[in-house]
Amino acid sequence: MIKNSLIFARAYESEEGGKIPADARPLFHLTPRIGWMNDPNGFSFYQGQYHLFYQYYPYDTEWNSMHWGHAVSHDLLHWTYLPAALAPDAPYDSFGCFSGSATELPDGRQLLLYTGVRKEGGDRGKDLQTQCVAVGDGLDYSKYAKNPVLDAGDLPEGLSPYDFRDPKIWRRTDGGYRCVVGARRMNRRGVLLLFDSEDGFRWHFVSILAENDGRFGLMWECPDFFPLDGKDVLFVSPQDMLPEGFEYHNGNGTVCQIGAFDEEEKRFIPEHHQAIDYGIDFYAPQTLLTPDGRRVMIGWMQNWDTCKNTGYEDRKWFGQMTLPRELSIRNGRLYQQPIRELALYRSRAVEYRNVSVRDCVSLSGIEGRSVELDLRIRPEKAEAPYLKFIMRFAQDDQYHSILSYRPHESLLKIDRKFSGSRRAYIHQRRCQVANHNGEIHLHVILDRFSVEVFINDGEQVMTATILTDPSARRISFEADGRAVMDITKYSLFSED
Ligand code: FRU
């Protein structure tokens, strides 16, 4: 069991993590120091910098007993690794320190609230999940002697102690603490529970905040609940979703519900629901409030259904975080924008206006794998709309990925089937976008192994990981019919 000790993990990651060359990682998306990464955890601003912890297994590029990796940043774009914060080394978390969140205590210490998992009745037993606390100084954390702080005895009747996880904590306005935790009924449908605490250590059940009526998958993982632009917003990552038109897709999905918190009943009343991301690789997002009042979200840029296929057996890391995104509500919908700090790292703008696109065109200076592209596409003549616009990227003679838009169907598609994958996993996804007479605005961010597409000023976002070697740098355009494009490309962080 020495492997599960924090000392061992810290020594291992510092030895092995340093062997990964910087150019084998994305430029500004966080990857694990070494090994496996899933959900963002403990995303917070503490003692003058941003902290991001993550679900972490240092010893392999596959999921295994969970540790918490740790990184800090001043701008949410340049990350510095700190030593792992938690290892599964206590009896109540011997199978893993699962997802959780962070807040600051009045005495200046940082409190981590996470799910401790242990096998009930030995290795082959069921996962018993409880909520646990660790307290630290931003570097070293000690697990609370009275852990767990919430267990089966705190659950309302009929809820399973085997799926009770992912606490998201925040400060109440009266100075106390509140958290929302995922759980499920015996019929496998998810519920979200609210718990309160005066000191962050002793917790009690308050209410069922929200409940899965069968529309959104089964178990609900990784909830987040926060006020935004006069509304209350609930994020959840349901398992086993069924598709609903173009709004959700099968498997592990994400749902944003916008509505109002009923203070009397301590229940959330939803008014609108939508997917958070419409691409392929996005799950388990977590938000924080920046010191200047922005609600910023970061998600795991992967999907459980596709993550077995790294495509690179020799790669020593697996899993990336998305770009941090600023959230807002407009016209009752969730909008996302890349954090504004990214604009500080733009350089070498290359700009073209009114480019007529029909047969395949490449434009001098428009290429690269760590770039930002701002594209506005429209029909050349309103009376002769184009049928399809295509952008190929991460392209060389053998590989490419595609973004394509069909205005008559209002569908934007991402397709990475020719990106070098040798597996039959999900390669395409389509998103129904607003129809503005064939005009569309795409803000595309490439960072070596990923693409994030902010559609129509962030009304929708599509995210996908890309396997293709970063040497495939070409970008080209084509249309079925005649389209006109304005494009600006920026290099990011002086690359490309
Ligand atoms: C979501 C999740 C969480 C859990 C963690 C385990 O991706 O399944 O519910 O806490 O991952 O690594």
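The preceding data block contains the structure.
The structure contained in this document is the topic of the report that follows.

A look at the pattern of salt bridges
Summed over the entire model, instances satisfying the criterion amount to 37 salt bridges. In this structure, Asp166 and Arg165 form a salt bridge, with 4.0 Å as the shortest nitrogen-oxygen distance. Note that Arg294 and Asp292 form a salt bridge whose closest N and O atoms lie 3.0 Å from each other. Residues participating in the shared-partner salt-bridge network are Asp163, Arg165, Asp166, Arg184 and Glu221.

Quick look at the sheet that holds strand E23 (residues 371-379)
What the 6 strands build is an open sheet, ordered E22-E32-E23-E28-E29-E30; its pairing is antiparallel. What marks the edges here is a single partner per strand, and that holds for strand E22 (346-357) and strand E30 (460-465). Ignoring which end each strand starts from, the neighbouring axes of this sheet average 15° apart. Sheet topology note: the E23/strand E28 (residues 440-446) ladder contains 6 bridges and is antiparallel.

What about the site of the ligand?
Taken together, 13 residues form the shell around the ligand, and within it Asp39, Gln55, Arg165, Asp166 and Glu221 come nearest. Separating an oxygen atom of the ligand from a backbone N or O atom of Ser99 is a distance of 3.1 Å. Here an oxygen atom of the ligand sits 2.8 Å away from a polar atom, N or O, in the side chain of Arg165. Relative to its unbound accessible area of 320 Å², the ligand is 95% covered by the protein chains. Those elements that place two or more of their residues in the shell around the ligand are strand E1 (35-46), strand E5 (96-104), strand E9 (165-171) and strand E13 (220-228). When grouped by side-chain class, the residues that make up the shell around the ligand number 6 nonpolar, 3 polar and 4 charged.

So, the environment of Cys97
Inspection of the secondary structure assignment puts Cys97 in strand E5. Taking the relative accessible area as the measure of exposure, Cys97 reaches 0% and is therefore buried. A C-alpha to C-alpha distance of 5.2 Å links Cys97 and Met66, two positions 31 residues apart in sequence. Dropping the residues within four chain positions of it, Cys97 is found in contact with Gln55, Met66, His67, Trp68, Leu86, Ala87, Pro88, Tyr114, Thr115 and Lys143.

Parameters and conventions
Residues numbered from 1 in each chain as written. Predicted model: local features only at pLDDT ≥ 70, side-chain atom pairs only at ≥ 80, totals over all residues. Heavy atoms only, no water. Salt bridge = Lys/Arg side-chain N within 4 Å of Asp/Glu carboxyl O. Pairing = 2+ DSSP bridges. Helix = DSSP H or I, 4+ residues; strand = E, 2+ residues; numbered from the N terminus. Axes fitted to C-alpha atoms, helices over the stretch in contact; angles between N-to-C directions. Near = heavy atom within 4 Å. Polar contact = N/O pair within 3.5 Å; in protein donor to acceptor, adjacent residues only side chain to side chain. Areas by Shrake-Rupley, 256 points an atom, 1.4 Å probe, with all protein chains shown as cover. Nonpolar A, V, L, I, M, F, W, Y, C, P; charged D, E, K, R; others polar. Buried < 20%, exposed > 50% of the residue type's maximum accessible area, 1.4 Å probe, protein only. Contact = heavy atoms within 4.5 Å.

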